[in-house]
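Read off the chains here:
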Amino acid sequence: MKGEKANFSIIVSSSDGYSDCWDPFFTLMKIYFPGIEKIEILLSTQTKDYYHPDFNLKVVKHGLTAAWSQRLRQTLDQASNDIILFLDEDSFLRSIVDVNLLNELIELMVENEKISHIRLLRGDWIGEKTKFPQIDE
């Protein structure tokens with residue numbers, strides 16, 4: 001995969017009770033996430049529909065009784081890509097996403113099977129250095 005752009009899907013975990021967050025969430029995604037319109041987005045919720053013309057968005061409805069873990073598994077099964085950027089509907093973007101860094105981290109995961117996940121944190125983080133300059137453990 002070296003040299004190719006890694007593909008990924010975005011899962012937005014939500015529930016019907018937080019549907020009032022969807023418009024502001026996706027409005028900020030459009031503003032702050034360059035190229036977002038090309039990325040597969042799965043909105044995981046219970047029963048409500050949602051549409052936004054600027055996104056490659058699929059609503060995955062699970063009904064009112066499915067447990068959170070069951071909903072996550074069902075949504076993962078519908079993703080077209082193995083690499084997932086997992087977001088909550090109330091994690092509003094407030095600045096531009098560094099898409100180049102995101103693609104670099106995704107490529108790092110694809111090329112190194114021992115990296116099962118990367119957690120993105122805001123602010124200064126002091127962790128144990130790894131052989132990869134982009135990430136700490």
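Residues numbered from 1 in each chain as written. Predicted model: local features only at pLDDT ≥ 70, side-chain atom pairs only at ≥ 80, totals over all residues. Heavy atoms only, no water.

1. Some details on the overall build of the chain
Working step 1: Assigned secondary structure in the chain consists of 3 helices and 4 strands.
Working step 2: N-terminal to C-terminal, the α/β element order of the chain is β-α-β-β-α-β-α.
Working step 3: At 16 Å, the chain has a C-alpha radius of gyration in line with the 14 Å of a compact globule built from 137 residues.
Working step 4: Structurally, the chain occupies a C-alpha span of about 45 × 30 × 30 Å along its principal axes.
Working step 5: Buried residues in the chain amount to 39% of all 137 residues.
Working step 6: Here the analysis covers contacts within the chain between residues at least 6 apart in sequence; of these, 62% occur between residues at least 24 apart.
Working step 7: Counting every atom, the chain has about 9200 Å² of accessible surface; 48% of that belongs to carbon and sulfur.
Working step 8: Each charge class in the chain was averaged separately, 15 positive and 22 negative side chains, and the resulting centres sit 1 Å apart. (Helix = DSSP H or I, 4+ residues; strand = E, 2+ residues; numbered from the N terminus. Rg over C-alpha atoms; globule rule 2.2 N^0.38 Å. Buried < 20%, exposed > 50% of the residue type's maximum accessible area, 1.4 Å probe, protein only. Contact = heavy atoms within 4.5 Å. Areas by Shrake-Rupley, 256 points an atom, 1.4 Å probe, with all protein chains shown as cover. Lys, Arg positive; Asp, Glu negative; His and termini not counted. Charge placed at Lys NZ, Arg CZ, Asp CG, Glu CD.)

2. Structural notes on helix α1 (residues 22-32)
Working step 1: Along α1, the residues classified as buried are Trp 22, Phe 25, Phe 26 and Met 29. Buried residues of α1 fall within an arc of 85° about the axis and therefore sit on the same side.
Working step 2: Buried residues in α1 make contact with β1 (9-13), β2 (40-45), β3 (56-61) and β4 (84-88). (Arc of directions from axis to C-beta.)

3. Here's the deal with the sheet that holds β3
Working step 1: Taken together, the 4 strands give an open sheet; going across it, the order is β3-β2-β1-β4, and neighbouring strands pair in parallel fashion. With partners counted over all chains shown, the strands left at the sheet margins are β3 and β4, one partner each. Averaged over all adjacent pairs, the angle separating strand axes in this sheet is 20°, with direction ignored.
Working step 2: Sheet topology places β2 next to β3; 6 bridges connect them, and they run parallel. Looking across to β3, one finds that Glu 40 is bridged to Asn 56.
Working step 3: Across the sheet, helix α2 (residues 68-78) is in contact with β1, β2, β3 and β4; its angle to β2 comes to roughly 155°. (Pairing = 2+ DSSP bridges. Axes fitted to C-alpha atoms, helices over the stretch in contact; angles between N-to-C directions.)

4. With respect to the nonpolar core
Working step 1: In this structure, Phe 8, Ile 10, Phe 26, Met 29, Phe 33 and Ile 36 are the most contacted members of the largest nonpolar core, which totals 28 residues.
Working step 2: Taken together, the elements giving at least two residues each to this core come down to β1, α1, β2, β4 and α3 (99-111).
Working step 3: Take this core: its biggest share by element is 6 residues, from α3.
Working step 4: Those residues within four positions of Phe 26 in sequence are excluded, and the remaining contacts are Val 12, Ile 41, Leu 43, Tyr 50, His 52, Phe 55 and Leu 57. (Core = buried A, V, L, I, M, F, W, Y, C linked by side-chain atoms within 4.5 Å.)

5. Examining the pairing of β1
Working step 1: Most of β1 is tucked away: 5 of the 5 residues are buried.
Working step 2: Side chains of β1 alternate between two faces, with Ser 9, Ile 11 and Ser 13 and Ile 10 and Val 12 buried alike.
Working step 3: Here β1 runs beside β2; their pairing, made up of 5 bridges, is parallel. Of the residues in β2, the one forming a bridge with Ile 11 is Leu 42.
Working step 4: Traced from β1 through α1 to β2, the parallel crossover comes out right-handed.
Working step 5: The sheet contact formed by β1 and β4 spans 5 bridges and is parallel. Paired with Ile 10 across the strands is Leu 85, a residue of β4. (Right-handed = clockwise from strand over helix to strand, strands pointing away.)

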